Structures are given as C-alpha cells and as structure tokens.
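# Topology and contacts: notes
Chain by chain, the residues:
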Amino acid sequence: MKTNRFIQMLLCALGIVFLASCNTGGDSGENPVNNKGGDTVPSVSQVPDAADILDTITALKVSLSGVDTTETWTTYTDIALADGATVITGTGATVAGDLITISDPGTYMLSGTLTDGQVHVNDVGDNVYLILNGANITCSNSAPLAIFGSKKKVVTLAPGTTNYLTDGSVYTVFYNSKNDEPNGTLFAKKALTINGTGTLYVNGNFNNGISCKDNLVILNATVIASSPNNALKGNDSIIIKDADVTLTSDADGMKSDSDDDGLGYVYIDNSSVTITAVNDGIDAFRSVRIAGGVFDITTGGGSNAVHADDDSRKAIKSDMDMLIEGGTFNINAYEDALRSKGSMVLSGGTMNLSSANAAVRAEDLLLIDGADITITKSTGGFRAKKIVMNDGDANIISSGYGIYNTGANVADPENTTSFTVISGGDVSVNAVQESFYSPGVLQIAGGKVSVHAPVDPADEPLSVAGLVINGGTLAAPGPEGNVIIPAKNSEQPSVLVTFNTAVNAGDVLELKNAGGTTLVNYTAARAYNSILISELQLVSGSSYSIALNGSQVKTFKMSGKVLRVSVN
C-alpha cells in the first residue's frame, strides 16, 4: 500500500467531471482503421477519491479504554464452581444450588465445573469483571453465563487456561417479559469486552453463540464459537483486535445490525479470523473496516456448492460501505466474496477469492489503491457503477464478465455515472465473456492491462461505450472486427495487429522497439486473430517489430494515433 500517496488522494475533493477533448487526432496511418469506436468521447478528467466515504468509516469509534484493556487483578472474589458444592470466598456473590448470582460491582474469578448450572450477573449499576480461570459451565435450559446491567462487563480469559461455555437446544429460563433474553450461550445485555490471553470455547445449541445487545469487543483473546444462529452478535458494533477467532455457524459468522446513527459496524485489526458459515461470514449494517489480519472464510459450502434457496451467503458484507486497509484473505464463497451496498475501498491486503457469484461487488464506487487481488473463480470479477484502480494487482478468472460497470442498460459515452478508470497497477482478465463491460467509458491512464479473447467470437473483449487511452500498457485480443478502437482524443498511440492465421493459445507475442527491447510481452489463454496494443513508448515516426514465439513476423513504423498492421 502506498500509504502517503493514498492519504493525499483521500484529501482531494470528491467529484466527477467529464470533459470532451477538442483533440482531433484520428484513425490515421498507413492503413486507417474502420473497426468499432474511434470517435471522440468524454474522458474522466476528475476521478472520484471516496474521501467523504472514508471520513465516515474512519470516524466510527474503534478506540479502547482502560476498562477494555485491563487483564490482571490482585483482589477479587473467588468462585470455585462444583456441582452442588460451589464455594464463594469473598463478597458480592451468592449461590443457590447450581445458580450463582453476582449482585455487586467488582471482580470475580471463576474456576471449576458446573454440569448444569448458571452464572447470572444482575444489574449492579457499575462495571463487573469476570476472570475465567479454567471454568467449564454447561446449562441445559438457559445461558450458562448471562450478564445484565447498564454498565460494561469484562470477561478476562486467564493466561494459559481453557474455558468452556455450553448451552442446551431449548431455553425455558428467561429474564424478560418477551422471553428472548438471554438468547446466546454467552449473553450480555449491554457492552461486553472479552480479553486475556487464555482460550474460550463457546458451544451454542440454542441461538447465538456470543450475543451482545450493545458493543462487543474481543481483545488479545482466543475465542472458538459455534452456534445454530450467529456465532458472534454485537448489535451495535463488533471490534476484534490482536485476537484469534474461529467461528462455525448455521447462519452468519459475525453480525452487527443496528441501524441507529453511527452503529452497526465491524472493525478488525491484527487478528486471525476463521469462519465457516451457512450464510454470511461477516455482516454489518453500516460498515466493515479491516485494518489487518489473516482471514479464512467459507460461506454456503463454498463456490462449488449448490443451493435451491436465495439466502445470502456472502463472505464479507456491508449494507453501506467497506474499507480494507490490509490483511491476507482466503475466501471461498457461495455468493459474493466482498459485497458493499454502498462504496468499497481496497487500499491494501492480499486476497485470494473464489466465488460462485461476483467476487468483488459495490453498488456505487469500487476504489482499489494497493490491494493485490487474485480471483480464481467467479461469474464476474469486479462489479460497480464506478470502478477506479490506482495501484495494486488484479488477476481475474471469470466464467462470465471480468470487470463490469452497472447503472445503465444502453451504451452512452457521455454516461457520467458508470465508468472504469485505471491509472496504475497490473490488471489481468481471463473472462469467458467480456473482459470489460461498461455503458460508459473505459479510461486507461497508467498501469498494465491485459485481457484474453472471449470464448464466443460475437463477444467483445472490451464492450464499452468508449475507450480512452492516455497512458499505461494495454493488450486486448479478439476476433477481427470485434475489437474496439481507442477514441480520437486518446493521448497515447495504439496499434491494431491482425493475423491472417489465428494465434494459438499459449503463443507468446512481443512488441519490440527498433533496438530490440521488448515493450509488451503477451501470452494468449485462447486463440485470436487480432489484438489491440497500446504502450507508452509507442511514438509516431518510430519503428517497431512484432514477434511470435521468438520469431519476428512484422516490422512497421508508427503513424497517427491508431495504426493497423497486418501479418500474413
């Protein structure tokens, strides 16, 4: 990630301005081109930078207080759990059979085993700190650990300990008139922090695994949770930092769904997160922000599964916006791997994505500035109204389209709402259908773009309303007559090379300058008989050569903006 440049970019004003150039350079040269395109089209003169979106995401509260980070205690009430024989040393807690009730603020250390009991924290009006020091609590008819009260509660996992919470599949004991609290194996009515370097297993059988009606924080801890509903549920927010979390769920892996202003978000940093979910892996109403970590997420049985229903089975999903700043991602999703119903910014991270649907999908803007993305399976690689790539790598394999702009059904080069701009990075697309589709403009201003010929000769490799090339490198093969020509107002020259005999899959094409230096090296995934090449070092009046599999097959002198060259 180019951090400094990215921050500078974010400070720019968000805006989109289209201006038609008055450059009248045309399809000139020794052999004028008559293929599709070639007209003057509006170019994207000011690229959206998502500054306002990122300001909103980064303004969400992710800082931690001393209450969250305190993990060691010198004084506490000791609760030694045992079936019918629990011993409490200290004040603030009482025992009746196998029901332990905590009624005063303070710190409590829990150890031992209850095979059918409950630890219940009353509304004590202040913070309560629970230290799990090798505690194993099972409750057949309610939550083994039910925490109530208006103040934050902290569960600390003592160093070197393994702790277990297990519930039954049917609850008969609730603590509200609606009979829906508790609704998770570890239940908290208000804010809950789980910290400490120990390990907690949450074996949910009724509803959620860990269910927090407020803000849920997991810090430093190792948590392994399974459940028939959401493995982690933080209604207002979920913050995971420096933790190791493994989730198995028959619904969502983790979910935050409050629609109150500023709430309903997930933030993860420097954590290992493994999720196997029937539905979504990570689901947030407002936003998902990932600063770093290692993520292994499988949803809906993976990209090879088959489902008859239309339940959501996305890996990482936000109903508004998404920001990924770093991390390593291995995602195998039945639906979209990354899905935002607003905008998405990928400013870092290494991603290996497999999806039975679109791999990366945003409703409005998809901005890539430093992420390395490999899509091994999809029906569409990138999908959004506006797609901008400034830096990074994108290697896309798709059984449908490669990079797709939504927003209109009719191609219009003056479309100001749908476009793709590539100004840096390395983009490789191997799509069965169109490598690029846009009802607006595809603008290449830098970077390297290579695509492969579509399977159906009727499809266009670049099916866009207009192609503007102002920099970078492009190699786009396809059937003769079905390769779009750059607009007249493109600043950088291009050459359209047509072969009388098809170039086979696996053949290596090179464009070389007069000194023999290779400017473009392209290996075909499928056969083609024409290829559009644009390169920064293509200069009118200079000589070049075309080589196939190491043998020179054509020399030419560049002339005009677009030159057609035939190879017998």
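The paragraphs below set out a description of the structure included in this document. (Residues numbered from 1 in each chain as written. Predicted model: local features only at pLDDT ≥ 70, side-chain atom pairs only at ≥ 80, totals over all residues. Heavy atoms only, no water.)

## Regarding the overall build of the protein chain
- On a plain count of helices and strands, the protein chain comes out with 3 helices and 48 strands.
- Dimensions along the principal axes, computed over C-alpha positions, put the protein chain at roughly 95 × 40 × 40 Å.
- In the protein chain, buried positions account for 57% of the 568 residues.
- The long-range fraction of contacts in the protein chain, counting pairs at least 24 apart against all pairs at least 6 apart in sequence, stands at 54%.
- Side chains of the protein chain carry 34 positive and 58 negative charges; the gap between the two charge centres is 5 Å. (Helix = DSSP H or I, 4+ residues; strand = E, 2+ residues; numbered from the N terminus. Buried < 20%, exposed > 50% of the residue type's maximum accessible area, 1.4 Å probe, protein only. Contact = heavy atoms within 4.5 Å. Lys, Arg positive; Asp, Glu negative; His and termini not counted. Charge placed at Lys NZ, Arg CZ, Asp CG, Glu CD.)

## So, the sheet that holds strand β44 (residues 518–523)
- Strand order in the open sheet formed by 4 strands is β44-β43-β46-β47, with antiparallel pairing between adjacent strands. Only two strands of the sheet have a single neighbouring strand rather than two, namely β44 and β47 (551–557). Across the sheet, the mean angle from the axis of one strand to that of its neighbour is 15 degrees, orientation sign disregarded.
- Here strand β46 (residues 543–548) runs beside β47; their pairing, made up of 6 bridges, is antiparallel. For Ser 543, the partnering residue across the bridge sits in β47 and is Lys 557. (Pairing = 2+ DSSP bridges. Axes fitted to C-alpha atoms, helices over the stretch in contact; angles between N-to-C directions.)

## Some points on the side chain of Arg 289
- Mapping Arg 289 onto the fold places it in strand β26 (residues 287–290).
- Look at Arg 289 and you get buried, because its relative accessible area is 14%.

## Thoughts on the packing of aromatic side chains
- Applying the stated criterion across every chain yields a total of 13 aromatic pairs.
- Residues Phe 148 and Tyr 175 carry aromatic rings whose centres are separated by 5.6 Å and whose planes lie at 65 degrees to one another, so their mutual orientation is edge-to-face. With Phe 148 in the loop between β10 (145–147) and β11 (153–157) and Tyr 175 in the loop between β12 (162–167) and β13 (184–188), this pair connects stretches of sequence that are 27 residues apart.
- Summarising the aromatic geometry, the rings of Tyr 401 and Tyr 404 are spaced 4.6 Å apart at their centres and angled 45 degrees between planes, so their arrangement reads as tilted.
- You can call Tyr 401 buried: its relative accessible area is 10%. (Phe/Tyr/Trp six-rings, centres within 6.5 Å; stacked < 30°, edge-to-face > 60°.)

## Here's the deal with the pattern of salt bridges
- One pass over the full model with this rule turns up 16 salt bridges.
- Here Lys 189 and Glu 181 are joined by a salt bridge, their closest N and O atoms 2.7 Å apart.
- Under the relative-accessibility criterion, Lys 189 is labelled partly exposed at 30%.
- Here Asp 309 ties to Arg 313 by a salt bridge, and the two come within 2.6 Å at their closest N and O atoms.
- Given a relative accessible area of 38%, Asp 309 falls into the partly exposed group.
- Here Arg 313 falls in the buried class, since its relative accessible area comes to 3%.
- It is possible to trace a salt-bridge network through shared partners that takes in Glu 181, Lys 189 and Lys 213. (Salt bridge = Lys/Arg side-chain N within 4 Å of Asp/Glu carboxyl O.)

## A word on the nonpolar core
- One finds Met 254, Ile 316, Leu 346, Phe 382 and Phe 436 to be the most contacted residues of the largest nonpolar core, which totals 102 residues.
- Top contributing element to this core by residue count: strand β41 (residues 462–478), with 6 residues.
- With residues up to four places along the chain from it excluded, the contact list for Phe 382 reads Val 360, Leu 366, Ile 368, Ile 373, Ile 375, Ile 387, Ala 394, Ile 396, Tyr 401, Gly 402, Ile 403 and Tyr 404.
- Membership of the second largest hydrophobic core comes to 24 residues, among which are Phe 499, Leu 538, Tyr 544 and Met 558. (Core = buried A, V, L, I, M, F, W, Y, C linked by side-chain atoms within 4.5 Å.)

## Describing the pairing of strand β16 (residues 208–212)
- For β16, the tally of buried residues reaches 5 of 5 residues, placing the bulk of the element in the interior.
- Both β13 and β16 contribute to a ladder of 4 bridges, which runs parallel. Note on β16: the bridge partner recorded for Gly 184 is Asn 208.
- Relative to strand β19 (residues 232–234), β16 is paired through 3 bridges, and the arrangement is parallel. Within β19, the residue paired with Cys 212 across the bridge is Gly 234.

## Examining the pairing of strand β17 (residues 215–219)
- Burial within β17 is extensive, with 4 of its 5 residues counted as buried.
- One ladder, built from 3 bridges, connects strand β14 (residues 192–195) with β17; its direction is parallel. In the sheet register, Ile 194 faces β17, and the bridge partner there is Ile 218.
- The sheet contact formed by β17 and strand β20 (residues 237–241) spans 5 bridges and is parallel.

## Some remarks on helix α2 (residues 51–58)
- When we look at burial in α2, the residues that qualify are Ala 51, Ile 53, Leu 54 and Ile 57. The buried side chains of α2 occupy one side of the element, clustering within an arc of 160 degrees when seen end-on. (Arc of directions from axis to C-beta.)

## Some words on the environment of Ala 251
- Mapped onto the elements, Ala 251 comes out in the loop between β21 (244–249) and β22 (254–256).
- Leave out the neighbours within four places in its chain, and Ala 251 touches Pro 228, Asn 229, Asn 230, Ala 277, Val 278, Asn 279 and Asp 280.

## A few points about the environment of Asn 390
- Examined against the element boundaries, Asn 390 turns out to sit in strand β37 (residues 386–398).
- Along the backbone, Asn 390 and Val 217 are 173 residues apart, and their C-alpha atoms lie at a distance of 34 Å.

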